[in-house]
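# Structure assessment
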Amino acid sequence: MSMIIDFQNVDLRYEDEYVLKNISLHIQEGQHTVILGANGSGKSTLIKLINCELYPSYKNEPFKREILGHERWVVSQLRQQIGVVTNDLHSRFSFDAGYLSGFETVLSGFYGTIGLFDHLDHTPEQTQSALHAMDRLGILHLQHKRVDQMSTGELRKCIVARALVHPIKAILLDEPTVGLDIKAQLDFIEMMRSLARSGTTVILVTHHIEEVFEEIEHAILLHAGGIHASGETSAVLSGANLSVIFNTQLEVQKSHNRYSIQPYHFSLTL
Ligand SMILES: Nc1ncnc2c1ncn2[C@@H]1O[C@H](COP(=O)(O)OP(=O)(O)OP(=O)(O)O)[C@@H](O)[C@H]1O
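Notes on the structure follow. (Residues numbered from 1 in each chain as written. Predicted model: local features only at pLDDT ≥ 70, side-chain atom pairs only at ≥ 80, totals over all residues. Heavy atoms only, no water.)

### Focus on the overall build of the protein
Per the secondary structure count, the protein includes 9 helices and 11 strands. For the protein, whose C-alpha radius of gyration is 19 Å, the value lies close to the compact-globule estimate of 18 Å for 270 residues. Dimensions of the protein along its principal axes, counting C-alpha atoms only, are 70 × 50 × 35 Å. Burial statistics for the protein: of 270 residues in total, 49% are counted as buried. Of the contacts formed within the protein by residues at least 6 apart in sequence, a portion of 60% connects residues at least 24 apart. When the accessible surface of the protein is split by element, carbon and sulfur atoms take 49% of a total near 13400 Å². (Helix = DSSP H or I, 4+ residues; strand = E, 2+ residues; numbered from the N terminus. Rg over C-alpha atoms; globule rule 2.2 N^0.38 Å. Buried < 20%, exposed > 50% of the residue type's maximum accessible area, 1.4 Å probe, protein only. Contact = heavy atoms within 4.5 Å. Areas by Shrake-Rupley, 256 points an atom, 1.4 Å probe, with all protein chains shown as cover.)

Right, here's the structure in full:
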């Protein structure tokens, strides 16, 4: 099994302010992982480090930030190995590319662009890959539908398919169910499960414990720019740990292999 993410002792600071401190994080191929943290805990910053949008801050101690065994990547080449789905990407398609069809949205994954341009002539193989990615997610019926006529859930799936045009090893999904209603959310979780089962390593970044699906056996809790706990999901997602990272007393329940969270209730018997 190769290591997808190998961070040791990584810091990230903006000017003098540390946003991430001493981060050590290891995700192996096939190790479906949830990264959970409260607002402001550093999740987006961590994603930017994984995504090579940011580089670790220099420090006078040994540190390592390797993605698939390399310290540096050309972002377009990294995209062919690790797909990234963010709400920012969704918004950009939604606001700037409403005229695209579902198929064109998916095809744009080959170019890393938001739209398609006349000089970008695509090959029959690229067409096949785009259609195959849509088929894999059960969204072939969206190939002719315009982005500005899609529901949030439909566009989100097209953006996932866009990442799948390459034979990626892993997919990083940043709060992927934002804006989805209950049915679309459940549907999306099933889609993530099927990706995980098909061998794509799923890295889910969220603050919703209910989204942690059965195949996710590895959990990382981010708190105040550091890693509060990491390891086997069922051990890490405890009431005690979540109470710390969300700064309120919580209880965790597990039923049918899914987690839910409750405010802590204590009873005083006299
Ligand atoms: N460009 C920046 N310059 C300075 N501080 C920043 C910058 N980006 C983020 N921060 C700070 O870093 C901390 C972590 O932010 P980050 O966006 O990574 O958290 P998050 O866990 O993704 O939050 P949320 O769940 O609300 O999206 C916050 O205190 C934030 O204000």
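### Let's talk about the site of the ligand
In the neighbourhood of the ligand, the contacting residues comprise Tyr14, Val19, Ala38, Asn39, Gly40, Ser41, Gly42, Lys43, Ser44, Thr45, Glu175 and His207. Separating an oxygen atom of the ligand from a backbone N or O atom of Ser41 is a distance of 3.1 Å. Gly42 is positioned such that a nitrogen or oxygen atom in its backbone is 3.0 Å from an oxygen atom of the ligand. For the ligand, the accessible surface in isolation is 640 Å², of which the surrounding protein chains cover 57%. Top contributing element to the shell around the ligand by residue count: helix H1 (residues 43–50), with 3 residues. Of the residues that constitute the shell around the ligand, the class distribution is 3 nonpolar, 7 polar and 2 charged. (Near = heavy atom within 4 Å. Polar contact = N/O pair within 3.5 Å; in protein donor to acceptor, adjacent residues only side chain to side chain. Nonpolar A, V, L, I, M, F, W, Y, C, P; charged D, E, K, R; others polar.)

### Notes on the sheet that holds strand E1 (residues 3–14)
With antiparallel pairing, 3 strands are arranged side by side in an open sheet as E2-E1-E4. One side of each edge strand has no neighbouring strand; the edge strands of this open sheet are strand E2 (17–28) and strand E4 (64–67). Shown here is a sheet whose adjacent strand axes are inclined to one another by a mean of 25°, direction ignored. Against the sheet, H1 engages E1, E2 and E4, with an angle of about 125° to E1. (Pairing = 2+ DSSP bridges. Axes fitted to C-alpha atoms, helices over the stretch in contact; angles between N-to-C directions.)

### Considering the packing of helix H6 (residues 152–163) against helix H7 (residues 182–197)
It is the contact of H6 with H7, at a shortest axis distance of 11 Å, that shows an interaxial angle of 15°. When the axes of H6 and H7 are compared, the pair comes out roughly parallel. In this structure, H6 crosses over H7, and the sense of that crossing is right-handed. Seen from H6, the contacting residues are Arg156, Lys157 and Val160; seen from H7, they are Asp187, Phe188, Met191 and Leu195. (Parallel < 35°, antiparallel > 145°, perpendicular 65-115°, else oblique. Left-handed = near helix turned anticlockwise from the far one by under 90°.)

### Thoughts on the side chain of Glu175
Here Glu175 is to be found in the loop between strand E6 (170–174) and H7. Buried charge without a partner: Glu175 forms no salt bridge, and the closest opposite charge is Lys43, 4.2 Å away. The contacts of Glu175, once residues within four sequence positions are left out, are Lys43, Asn87, Arg156, Val205, Thr206 and His207. (Lys, Arg positive; Asp, Glu negative; His and termini not counted. Salt bridge = Lys/Arg side-chain N within 4 Å of Asp/Glu carboxyl O.)

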